[in-house]
Amino acid sequence: MSGIGESDQIARAAGGDRAAQAALVNRNMPIVFRVAYRMLQDQAEAEDVTQETFLRAWKQLPDWQPKAKFSTWACTVALNLCRDRLRKKKPVLMDELPERVDTALRPEEALASRQGVEGIAEKIAALPERQREALTLCALEGMSNIEAAAAMDVGVRALESLLARARRSLRASLSAQMEGD
Amino acid sequence: MTVTGMTHERLLELIAAYGAEPMGWPEDERDAARALLSADPGAYSQALTEARAVDAVLSLEDVPEPSAALTESILAAAPSVPQSRTGLLSGLAALMFPQGVRWPAGAALASLAMGLVGGYAYASTGIGYDQADSAYYSAFGFDSGDAWISLE
């Protein structure tokens, strides 16, 4: 929901309307959590980031300007919080690392087992940070290219470059597995 | 705005970035891209095959559900009263009318009611113009207005 409907809901939420607050959380919290989880690969940390994102939202609501959808704004905040945490964990910038190729799992196995699903998550997690962000927002959460670019604070062309590189890395990973067997 | 011109290179870029499924392509370029794809599907078959392999892998990606306690804790921190800001005028109004800006209007209404009740009470006592005049003249030591006039 966007435009007048979302603005009205945000205004009511800022005014203490519990139903509007619950609706805002129920609609937007899952995507914020999933984005945070894919970036951090840790349930507790993803929940911390999600909670912090909404704490900031509650403070922001009285001054809310409907320039973007709430979900886009929330994902921007969540991504920034994730980046802060990742930098504290790893002093080396993720984008400077070479793209890794994981050959631990056959594609056939990936299709057949829970372990395969976890292997896919590992492949996505192994992507450089910005590529992972782009893939998460566009391919996994279905955001439009304009929304995803806004959430990442990049241009659409830059987003497309990140997406293409992420897909190329995943495809190389799958090909390497098949050739290795 | 819908893009009408689509090139071979741009369609390959769309497939490489957004995958094989047209619904994932940018909305403003989708129709033109579909038209070009339909016109020469063989030119894009390899790119689409490669993209579909990645799409299939991504479709298997799974993320755990957030805990129920997360929703509760987020809502527990939500504002319970309006977070209005105090501007210069509203601050001044608060100083002048600590009971709220509706108070002056209530006071004016009360004054009007008191005037109406007082006027009615005055009329109902039967004290007319003559009695009032007598009281006035007697205050100056005259019996009536006529005695006052005779002096003039």
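Residues numbered from 1 in each chain as written. Chains lettered and ligands numbered in written order. Predicted model: local features only at pLDDT ≥ 70, side-chain atom pairs only at ≥ 80, totals over all residues.

### Here we look at the overall build of chain B
- Within chain B, the secondary structure is distributed over eight helices and zero strands.
- Scanning chain B from its N terminus toward the C terminus, one meets helices and strands in the order α-α-α-α-α-α-α-α.
- In chain B, buried positions account for 12% of the 152 residues.
- Sequence-distant contacts, at least 24 apart, represent 58% of the contacts inside chain B between residues at least 6 apart. (Helix = DSSP H or I, 4+ residues; strand = E, 2+ residues; numbered from the N terminus. Buried ≥ 20, exposed ≤ 12 C-beta atoms within 10 Å, placed from the backbone. Contact = placed C-beta atoms within 7 Å.)

### What about the confidence of the model for chain B?
- Summary statistics for chain B give a mean pLDDT of 75 and a share of 53% for residues scoring 70 or more.
- Scored as a complex, the prediction yields pTM 0.69 and ipTM 0.80. (pLDDT = per-residue confidence, 0-100.)

### Points about the nonpolar core
Residues and elements named next belong to chain A.
- Formed by 60 residues in total, the largest nonpolar core has its most connected members in Ala 36, Ala 78 and Ala 134.
- Top element by residues in this core is helix H2 (residues 18-40). It accounts for 11 residues.
- Discounting chain neighbours no more than four positions away, the residues touching Ala 36 are Ala 46, Val 49, Thr 50, Ala 78 and Cys 82. (Core = buried A, V, L, I, M, F, W, Y, C linked by C-beta atoms within 7 Å.)

### Looking at the interface of chain A and chain B
- The interface of chain A with chain B comprises 38 residues on the first partner and 31 residues on the second.
- The set of elements that each furnish at least two residues to the side of chain A that touches chain B consists of H2, helix H3 (43-60), helix H6 (114-125), helix H7 (129-140) and helix H9 (156-180) of chain A.
- Of all the elements, H2 of chain A adds the most residues to the side of chain A that touches chain B, at nine residues.
- Classifying every residue of the side of chain A that touches chain B gives 23 nonpolar, nine polar and six charged. (Nonpolar A, V, L, I, M, F, W, Y, C, P; charged D, E, K, R; others polar.)

### Regarding the packing of H2 of chain A against H7 of chain A
Residue and element names in this part refer to chain A.
- Running from amino to carboxyl end, H2 crosses H7 at an angle of 150 degrees, the nearest separation of the two axes being 10 Å. Between H2 and H7, the interaxial angle falls into the category roughly antiparallel. Relative to H7, the crossing made by H2 is right-handed. Of H7, the residues touching H2 (which contributes Val 35, Arg 38 and Met 39) are Arg 132, Glu 133 and Thr 136.
- When grouped by side-chain class, the residues that make up the contact of H2 with H7 number two nonpolar, one polar and three charged. (Axes fitted to C-alpha atoms, helices over the stretch in contact; angles between N-to-C directions. Parallel < 35°, antiparallel > 145°, perpendicular 65-115°, else oblique. Left-handed = near helix turned anticlockwise from the far one by under 90°.)

### Concerning H7 of chain A
Residue and element names in this part refer to chain A.
- When you tally the buried positions in H7, you get 11 out of 12 residues, the bulk of the element.
- Turning to H7, its buried residues number three or more, namely Glu 129, Arg 130, Gln 131, Arg 132, Glu 133, Ala 134, Leu 135, Thr 136, Leu 137, Cys 138 and Ala 139.
- Directly beyond the C-terminal end of H7, a positive phi value near 70 degrees is found at Gly 142.

### Focus on the packing of H3 of chain A against helix H4 (residues 68-76) of chain B
- At their nearest, the axes of H3 of chain A and H4 of chain B sit 9 Å apart, and the two run at 25 degrees to each other. With respect to H4 of chain B, the axis of H3 of chain A lies roughly parallel. The handedness of the crossing between H3 of chain A and H4 of chain B is right-handed. Residues Glu 47, Thr 50, Gln 51 and Phe 54 of chain A of H3 of chain A touch H4 of chain B, and the partners they reach there are Leu 70, Ser 73 and Ile 74 of chain B.

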